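Residue-level structure breakdown
This is what each chain is made of:
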Amino acid sequence: MHINTPSTSCLLFFSLSFIFCERSPLQVEKDSAVDNLLKNYHHYDELEQLLNTWTKQYPKLTQLFSVGKSTNNSELFVMRLTSPMIPDNSDEHDEVQLLKPKFKWVANMHGDEVIGRELMIGLIYYLLLNSNSDSRVNRLLSTTDIYIMPSMNPDGFELSTEGLCDDPSYIGRENLLHVDLNRDFPSPYQTLKAMLNGTIGDLFYGRQRETIAVMKWILKENFVLSANLHGGSVVASYPYDESASHQPKYSASPDDALFRFLAR
């Protein structure tokens with residue numbers, strides 16, 4: 001009978017850990033495919049082509065649509081990713097789909113902040129490539145209704161110049177009409193007529209096409225959680241990131257504890 005010594009046990013544990021942690025050749029190949037995809041920035045035409053290609057390759061997992069158009073008439077594309085928990089022809093299919101929590105990612109609101117845009121392109125590709133082989137990805141797609149908008153400001157992105165991250169003129173940061181889309185949404189501290197005694201339509205008055213499109217999309221869908229990706233400083237900003245006086249002051253929302261947990 002062989003009795004393991006402590007050193008032998010440790011060596012055996014290390015060997016098993018290495019085996020379980022080692023990536024399979026297929027997984028390494030998939031990781032490399034995502035890595036290669038992100039070696040270059042993707043302009044509007046390339047983004048459109050990628051999204052259409054993936055929709056054709058994964059028709060059961062994807063739905064590609066546009067929530068509206070930019071000032072320059074570029075589509076504001078959204079890729080929806082989710083897998084049916086039960087067959088499409090089941091009587092309960094639609095009801096089960098409605099029970100899935102909806103999550104929304106939006107990136108590239110500032111045209112020259114491009115990392116989020118590329119991360120979302122990579123995330124879509126990663127989820128699709130691993131939808132069958134990775135149990136965590138499969139579970140995520142089966143239990144969540146994921147919506148990804150890689151670019152809210154396609155016009156600004158096309159105006160930006162690679163390498164000019166600190167350009168004082170902020171070329172490409174704003175939309176085509178030189179409006180900062182990040183400052184174009186309603187605020188709980190603004191004394192707008194719509195906030196007092198107006199209608200939903202008043203909320204849209206004077207806003208940019210991109211902003212209106214996203215606002216209408218948000219009102220249409222019951223998203224339980226959303227994230228907006230920017231580039232620059234390392235910061236997690238969540239509601240409410242301003243105050244009634246527009247001065248630096250911590251303004252906690254009713255869900256402050258949850259946002260703190262998610263940010264950490």
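Let me begin by describing the structure that accompanies this report. The structure displayed is predicted, hence computed values, not measured ones. Residue numbers run consecutively from 1 along every chain, following the written order of its sequence. Side-chain atom pairs in this predicted model are given and counted only at pLDDT of 80 or more, local residue features only at pLDDT of at least 70, and totals for whole chains, interfaces and linings cover all residues. As a rule here, side-chain values cover all heavy atoms of the structure and leave hydrogens and water aside.

1. As for the pairing of strand β2 (residues 75-81)
Accessibility here uses a 1.4 Å probe with only protein chains present; expressed as a share of the type maximum, an area under 20% marks a residue as buried, one over 50% as exposed, and anything in between as partly exposed. Labels follow the DSSP assignment, with helices taken as runs of H or I lasting at least four residues and strands as runs of E lasting at least two, numbered in each case from the N terminus. Of all the seven residues making up β2, six are buried; the element is thus mostly covered by neighbouring parts of the structure. Any two strands with at least two DSSP-identified bridges between them are counted as paired. Bridging between strand β1 (residues 62-69) and β2 involves six bridges; their strand directions are antiparallel. Its bridge partner being in β2, T62 is matched across the sheet by L81. A loop of five residues connects β1 with β2, the two strands running antiparallel in sequence, and N73 in this loop sits at a positive phi of about 70 degrees.

2. What to know about the packing of helix α3 (residues 44-57) against helix α5 (residues 115-129)
The contact between α3 and α5 brings their axes to 11 Å, and the two run at 15 degrees. With respect to their mutual orientation, α3 and α5 come out roughly parallel. Once α3 is placed against α5, the crossing between them reads as left-handed. For the pair α3 and α5, the contacting residues are Y44, L47, L50, L51 and W54 in the first and R117, I121, I124, Y125 and L128 in the second. For this classification, the nonpolar set comprises Ala, Val, Leu, Ile, Met, Phe, Trp, Tyr, Cys and Pro, the charged set comprises Asp, Glu, Lys and Arg, and every other residue, Gly included, is treated as polar. Classifying every residue of the contact of α3 with α5 gives nine nonpolar, no polar and one charged. Only C-alpha atoms enter the line fits that serve as axes; for helices the fit covers just the stretch in contact. Angles between N-to-C directions range over 0 to 180 degrees. Each angle receives one of four descriptions, namely roughly parallel if under 35 degrees, roughly antiparallel if over 145, roughly perpendicular if within 65 to 115, and oblique otherwise. By definition, any crossing whose near helix is turned counterclockwise from its far helix by less than a right angle is left-handed, and any crossing with a clockwise turn is right-handed. Two residues form a contact once any of their heavy atoms are found within 4.5 Å.

3. Let's talk about α3
With 14 residues, α3 extends 20 Å from end C-alpha to end C-alpha; this agrees with the ideal 20 Å at 1.5 Å per step. Those residues of α3 that fall on the buried side of the exposure criterion are Y44, L47, L50, L51, W54 and T55. With its buried residues spanning 130 degrees around the axis, α3 presents them on a single face. Structural note: α3 exposes D45, Q49 and K56 on the side pointing more than 90 degrees away from its buried face. In this structure, the buried residues of α3 make contact with α2 (25-37), β1, β2, α5 and α7 (154-159). Here the expected length of a helix is defined as 1.5 Å per residue gap, with one fewer gap than residues. Arc definition: directions from the helix axis to the C-beta atoms.

4. Quick word on the pattern of salt bridges
For this analysis, a salt bridge means a side-chain nitrogen from Lys or Arg found within 4 Å of a carboxyl oxygen belonging to Asp or Glu. Within this structure, the stated rule accounts for five salt bridges. Between K69 and E75 there is a salt bridge, with its nearest N and O atoms 3.7 Å apart. Accessibility expressed as a relative area gives 36% for K69, which makes it partly exposed. By relative accessible area, which is 24% here, E75 ends up partly exposed. Residues R260 and D256 are paired through a salt bridge, measuring 3.0 Å at the closest nitrogen-oxygen approach. In this pair, R260 and D256 both sit in helix α11 (residues 256-263), four residues apart, roughly one turn of the helix. Residue class for D256 comes out buried when judged on its relative accessible area of 12%.

5. Comments concerning the packing of aromatic side chains
Between 30 and 60 degrees the pair is tilted, below 30 it is stacked and above 60 it is edge-to-face, where a pair is any two Phe, Tyr or Trp rings, Trp via its six-membered ring, whose centres lie within 6.5 Å. A complete count under the given rule lists eight aromatic pairs for this structure. Ring centres of W54 and Y125 lie 5.1 Å apart, and the angle between their planes is 10 degrees; this geometry places the pair in the stacked category. Highlighted residues: W54 in helix α3 and Y125 in helix α5, separated in sequence by 71 residues. A residue is classified by how much of its surface remains accessible, and W54, at 4% relative accessible area, is buried. Ring centres of F65 and Y147 lie 6.4 Å apart, and the angle between their planes is 75 degrees; this geometry places the pair in the edge-to-face category. Of this pair, F65 sits in strand β1 while Y147 sits in strand β4 (residues 145-149), placing them 82 residues apart in sequence. Exposure remark for Y147: the relative accessible area of 3% places this residue in the buried category. Among the aromatic side chains, those forming a connected cluster through ring pairs are F65, Y147, W217 and F223. Only Lys NZ and Arg CZ are tested; either one counts as a charge over a ring when it is within 6 Å of the ring centre and within 35 degrees of the ring normal. Note that K104 overlies the ring of F223, its terminal NZ or CZ placed 5.5 Å from the centroid.

6. A short note on the sheet that holds β1
Strand order in the open sheet made by the five strands is β1-β2-β4-β3-β5, with mixed pairing throughout. Each of the sheet's edge strands pairs with one partner strand only, and the pair in question is β1 and β5 (223-229). Each adjacent strand pair in this sheet contributes to an overall mean axis angle of 20 degrees, direction not counted. Sheet topology places strand β3 (residues 102-107) next to β5; six bridges connect them, and they run parallel. Within the sheet, the bridge partner assigned to A107 lies in β5 and is L229. Helix-sheet contacts for helix α10 (residues 209-220) involve β1, β2, β3, β4 and β5, and the interaxial angle to β1 is about 130 degrees.

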